[in-house]
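Observations on the three-dimensional arrangement
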Amino acid sequence: MSPLTIIATLLVPGWLFAAEAPGGPADVRALRPERALRTERTLTDCYAAALARSDAVAQQRELVIQAREHVRQAGGAILPSLSGIIGRQWQENPGGTALQKSLAPTSQTTARISATQPLFRGGREYAALRAARRLETAQEHAERQTEVRLYQDVAAAYYAVLSAERDLANLADQLKAYDSRIGELRERESIGRSRPSEVLTARAARASLEAQDVQVRGALAQVRETLAFLTGLPVDTAMADEPGETPASASLESCLAAIEGRPDVAAARARAEAAAAGEWVATGAILPSVDLVGNYYMKRGGVLENVHWDAQLALTIPIFTGGQTWSRVREARSVRRQADQGLSLARRSAEAEIRTLWDRLDADRGQVEALNRAVELAQSSYDRQVEEYRQGLVNNLDVLTALNTLQDLRRARDRGRFLVRTDSAHLAAACGHIGASADAGIPHSASGLEPLP
């Protein structure tokens, strides 16, 4: 290869050279020139973009940060506290002798450093730390659940875009078939072998397809707006359709086994554990508390001027607080029962969601298999009808009916295929796995999912 050829290869866009090879990638791009200059986005790309701009996920992350700070605050209650105190005191002149005045001066300044170490407070400080840690875990799982729901929304919009685009492509093929049919009818009409009404019937059917095309384009614009809202990508972003990869399915038992690992169930379980610790926090307030207090004086007045430190072991026994302590205990017990009920509800809701999604996926997969067989039969029927029409055995209406049946079945099959992909992504997400799609594939090792036959 000469130096000029090498330079030209580097400077001239590669698609110009690829266009010289028939059947290569350039032929595909020539069919879709508007996509040739744009990067096609996969479901993984769209989800990453949505994750980066999601306000709901960002809010959950802030809640996680707040929960972590609560853990630090709860831990700080166990550690000693240290404070510096400076005070100026004034009091009435006691009168009397000079000794009495020196013992109780009318004004004095005190400066000290005071330290307090909690020794025992009924164990409620450690229970509060456990509760804070469990609430931190709950917030982390809640953040994960928000990401799962976001993934489901993005997957639904992503596959809706691909489904609508495929529907438009099917309509375009159907319109071409009608154009070919109308052209053949006009030729037969010119030689007297077809009636003018046959051409009018075909043209009317074609006009109906044009109306459907307009309707599908409107639906495509709506789902593209939804996807753009979720991801922040331009509305006209090209989506990558990779039909070579198929979605996965899973047995119902393997899906139900993943319930305890779901983020929402894990969050509910962590909140229940935090509520149980919170009950002990309230109960610990009934017990006595012991604190060690120490003071170091930099400046002191009166007869204690030369005493620079003191220490105190304080025992506090709660006797009567107006019934507030026992009321807090009863409230904490109610909160624990409520959290247990929330955990039970989360488990039952998760099971119901997984069963519903699994049944839907199973039904949609069965429908697609049936539609595949129906398309094959409809194709054979249409080919036969065309052949018999040319032999004069059937009329034009029979041919148009066979054509409509074939194209409608193709459209229904393709819509079903994308619906299966959507259902598969939703089911995997419901099992706690993100990334189940025809684009990214389901993590088989994590979920035990089997590929679509």
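Below, the structure is looked at part by part. What you see is a predicted model, and the numbers here were worked out from it, not measured in a lab.

1. Here we look at the sheet that holds strand β4 (residues 289–299)
Strands sit in the order β1-β2-β4-β5 across an open sheet of four strands; the sheet is antiparallel. Two strands lie at the open edges of the sheet, namely β1 (81–90) and β5 (309–316), each paired on one side alone. Neighbour to neighbour, the strand axes of the sheet diverge by 25° on average, direction disregarded. By the bridge criterion, eight bridges tie β4 to β5 in an arrangement that is antiparallel. Paired with Val-290 across the bridge in β5 is Leu-315.

2. Things to note about the packing of aromatic side chains
The final tally for this structure, using the stated rule, is two aromatic pairs. On the basis of an interplanar angle of 85° and a centroid distance of 5.3 Å, the ring pair of Tyr-47 and Tyr-151 is categorised as edge-to-face. Here Tyr-47, found in helix α5 (residues 43–53), pairs with Tyr-151, found in helix α8 (residues 124–190); they are 104 residues apart in sequence, far enough to count as distant. Judged by centre distance (5.2 Å) and plane angle (75°), the ring pair of Tyr-158 and Tyr-159 falls under edge-to-face. Each of the two residues, Tyr-158 as well as Tyr-159, counts as buried. Its end group placed over the ring of Tyr-297, Arg-300 keeps NZ or CZ at 3.8 Å from the ring centre.

3. Section: the packing of α5 against helix α9 (residues 196–231)
Between α5 and α9, the shortest axis-to-axis distance is 7 Å and the interhelical angle comes to 55°. By the angle between their axes, α5 is oblique relative to α9. Where α5 approaches α9, its residues Cys-46, Ala-49, Ala-50 and Arg-53 are matched on the opposing element by Leu-227, Phe-229, Leu-230 and Thr-231.

4. Side note on empty space enclosed by the protein
The tally for this structure, following the rule as stated, stands at two cavities of 30 Å³ or more. Put simply, the second largest cavity is a space of about 30 Å³. Arg-224, Leu-227, Ala-228, Thr-231, Leu-233, Pro-234, Val-235, Thr-237 and Met-239 are the residues that line the second largest cavity. Grouping the amino acids of the lining of the second largest cavity by side-chain chemistry returns six nonpolar, two polar and one charged.

5. Details of the packing of helix α12 (residues 324–390) against helix α13 (residues 396–430)
At a minimum axis distance of 7 Å, the contact between α12 and α13 shows a crossing angle of 160°. Classified by the angle between their axes, α12 and α13 sit roughly antiparallel to one another. As for the relative orientation of α12 and α13, their crossing is left-handed in sense. Residues belonging to the contact of α12 with α13 are distributed by class as follows: 22 nonpolar, eight polar and nine charged.

6. Here's the deal with the environment of Gly-123
Looking at where Gly-123 falls in the secondary structure, it is placed in the loop between β2 (107–120) and α8. Look at Gly-123 and you get buried, because its relative accessible area is 18%. For Gly-123 and Ser-289, which are 166 residues apart along the polypeptide, the C-alpha to C-alpha distance reads 9.2 Å.

The rules we used
Residues numbered from 1 in each chain as written. Predicted model: local features only at pLDDT ≥ 70, side-chain atom pairs only at ≥ 80, totals over all residues. Heavy atoms only, no water. Pairing = 2+ DSSP bridges. Helix = DSSP H or I, 4+ residues; strand = E, 2+ residues; numbered from the N terminus. Axes fitted to C-alpha atoms, helices over the stretch in contact; angles between N-to-C directions. Phe/Tyr/Trp six-rings, centres within 6.5 Å; stacked < 30°, edge-to-face > 60°. Buried < 20%, exposed > 50% of the residue type's maximum accessible area, 1.4 Å probe, protein only. Lys NZ or Arg CZ within 6 Å of the ring centre and 35° of its normal. Parallel < 35°, antiparallel > 145°, perpendicular 65-115°, else oblique. Contact = heavy atoms within 4.5 Å. 1 Å grid on protein atoms, 1.4 Å probe; cavity = no way out; pocket = protein on both sides within 12 Å on 5 of 7 lines; lining within 4 Å. Points joined across faces, edges and corners; volume = space filled by probe spheres on them. Nonpolar A, V, L, I, M, F, W, Y, C, P; charged D, E, K, R; others polar. Left-handed = near helix turned anticlockwise from the far one by under 90°.

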